[in-house]
Amino acid sequence: MSHIMNTYARLPVAFSHGQGCRITDTEGKVYLDALSGIAVSTLGHAHPKLVAAIAAQAGRLLHTSNLYQIREQEELADRLAALSGMEEVFFCNSGCEANEAAIKLARYYGHKKEIEMPTIIVMEKAFHGRTMATLSATGNRKTQAGFEPLVHGFLRVPYNDLDAIRAVAEHHQNIVAVMVEIVQGEGGINLASVEFQRGLRQLCDEQEWLLICDEVQCGMARTGKWFGYQHAGIQPDIATLAKGLGSGVPIGACLAGGRAAGLFGPGNHGSTFGGNLLACTAALTTIATIEQDGLMARAERIGTLLRQSFKEAFAGTPGVTDIRGQGLMIGIELDRPCGQLVQKGLEAGLLINVTADKVVRLLPPLIFGEGEARELVERLVPLIKDFLSA
Ligand SMILES: *Cc1c(COP(=O)(O)O)cnc(C)c1O
């Protein structure tokens, strides 16, 4: 019997090593990785620059403490501020922690405005994490069931519906922020429209609300821009990052600018591990490699190629209801639940995912090339067609 707490329905495979976009299981079978450990392995596996940087840092110093100055952390904050248009960064270790920091910031902002019960507007189908506050912000009953009482102070509206938010604004005096994923990942690769994003920015300005973008999955160049919101040319007050930031080394970040900057002082928030030397070195190397190797433009190009190829391959295929995404965040929606495609993919040597019951989700590493893209299409399309006609 396993001594691991039963929180994941795990597939019957374990991996021993990887190289680039390929990963090898303990039996020696090689898989094409079109998932990146859920948008984490930005640089693929065993990237020589990342391996060298981590090894060198491990040989110097892994951890000191946020009781001291940390050069690597300051350098990473500088880089992230420049890339995001933000002013300051809090470092933590995961996406839910980054969102916890964002939620605390928004509440703190509210209290400074003498709003006693600050409330954050959140979206249907949102995913923000598994801690008590972030599962309460998440728009999926399955994530919440059994964990009541939920954390108060969230108000849910439909995604991409500005009128719903305007209606909420008229009836509630306690709103302090709106929290949104520019591309919903777990919710099924749903894109916030440009009009919605710009309207939201305008509404937040009018109401003096903070705009919080959860970029944990869609950030770090995955959509073809450093941050998803940059496609619409908007600037949020808070953005959160994690998954792809360290290319496999755990690190999260909560970035603040505008009205959200300068709020926290010593004692308001903290993290023992957050922003340690190893994690910051991994993130700095990830960012530098994305820049040096042109991986952002590549994400855009390969993503477009993949979506076009899938659209051509599935043209007239009953059962495929939509193909959508941005950059290397791609969803193929079917007309039926298709969780079993994950196992079929595994048998065929493909790492893919299914989310929101019927959306095949692809999140390849940003080093994915044209050859890998064609191979993915050639191997995945028959799998889906066979499944639909079975
Ligand atoms: C994965 C995810 C989270 C949670 O991140 P963890 O590191 O698992 O805590 C939060 N928000 C979004 C958008 C995510 O995709």
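Residues numbered from 1 in each chain as written. Predicted model: local features only at pLDDT ≥ 70, side-chain atom pairs only at ≥ 80, totals over all residues. Heavy atoms only, no water.

A word on helix H9 (residues 277-292)
Heads up, the condition is: Starting at the N terminus, helices and strands are each numbered in turn, a helix being any DSSP run of H or I of at least four residues and a strand any DSSP run of E of at least two. A helix is expected to reach a length of 1.5 Å times the quantity of its residues less one. Relative accessibility decides the category of a residue: with a 1.4 Å probe and only protein chains considered, values under 20% of the type maximum give buried, values over 50% give exposed, and everything between is partly exposed. Distance and chemistry together define a polar contact, namely a pair of N or O atoms within 3.5 Å, with one atom able to donate a hydrogen and the other to accept it when in protein, and with adjacent residues in sequence counting only for side-chain atoms on both sides.
Its 16 residues give H9 an end-to-end C-alpha distance of 22 Å, which sits within 8% of 22 Å, the value for a rise of 1.5 Å per residue. Most of H9 sits out of view: 13 of its 16 residues are buried. Two to three positions downstream of the cap, the backbone nitrogen of Leu278 sits 3.1 Å from a side-chain oxygen, assigning the N-cap of H9 to Asn276. Positioned one or two residues after H9, Gly294 has a phi angle of 60 degrees, which is positive.

Observations concerning unusual backbone geometry
Of note, the amide linkage connecting Glu148 to Pro149 takes the cis form, showing an omega dihedral of 5 degrees. Positive phi is not limited to glycine here, since Met220 has a value of about 60 degrees. Relative to the helices and strands, Met220 is located in the loop between strand S10 (210-214) and strand S11 (238-241). Non-glycine residue Asp357 carries a positive phi angle of around 70 degrees.

Brief notes about the pattern of salt bridges
Definition in use: Salt bridge, as applied in this entry: a Lys or Arg side-chain nitrogen positioned within 4 Å of an Asp or Glu carboxyl oxygen.
Taken as a whole and assessed by the stated rule, the structure comprises 15 salt bridges. The closest approach of N and O atoms between Glu375 and Arg22, which form a salt bridge, is 2.8 Å. Highlighted residues: Glu375 in helix H12 (residues 370-389) and Arg22 in strand S2 (residues 22-25), separated in sequence by 353 residues. Judged by its relative accessible area of 28%, Arg22 falls in the partly exposed class. Notably, a salt bridge pairs Arg166 with Asp163, separated by 2.9 Å at the nearest N-O pair. On the criterion of helical spacing, the pair formed by Arg166 and Asp163 is a turn pair, its members being three residues apart in helix H7 (residues 162-171). The class of Arg166 is partly exposed, set by a relative accessible area of 38%.

Considerations on the packing of helix H3 (residues 71-84) against H9
Threshold: Orientation is described by axes fitted as lines to C-alpha atoms, over the contacting stretch for helices, and by angles from 0 to 180 degrees between their N-to-C directions. Helix crossings get a hand from a simple test, with the near helix turned counterclockwise from the far one by less than a right angle marking a left-handed crossing and a clockwise turn marking a right-handed one. The criterion used for residue contact is that any of the two residues' heavy atoms lie within 4.5 Å. Classification used: nonpolar for Ala, Val, Leu, Ile, Met, Phe, Trp, Tyr, Cys and Pro, charged for Asp, Glu, Lys and Arg, polar for all others including Gly.
Contact geometry for H3 and H9: axes closest at 9 Å, N-to-C directions at 40 degrees. As for how H3 packs across H9, the hand of that crossing is left-handed. Only Leu277, Cys280, Thr281, Ala283, Leu284, Ile287 and Glu291 of H9 make contact with H3, whose side of the interface consists of Glu72, Gln73, Glu75, Leu76, Arg79, Leu80 and Leu83. Residue composition of the contact of H3 with H9, grouped by class: eight nonpolar, two polar and four charged.

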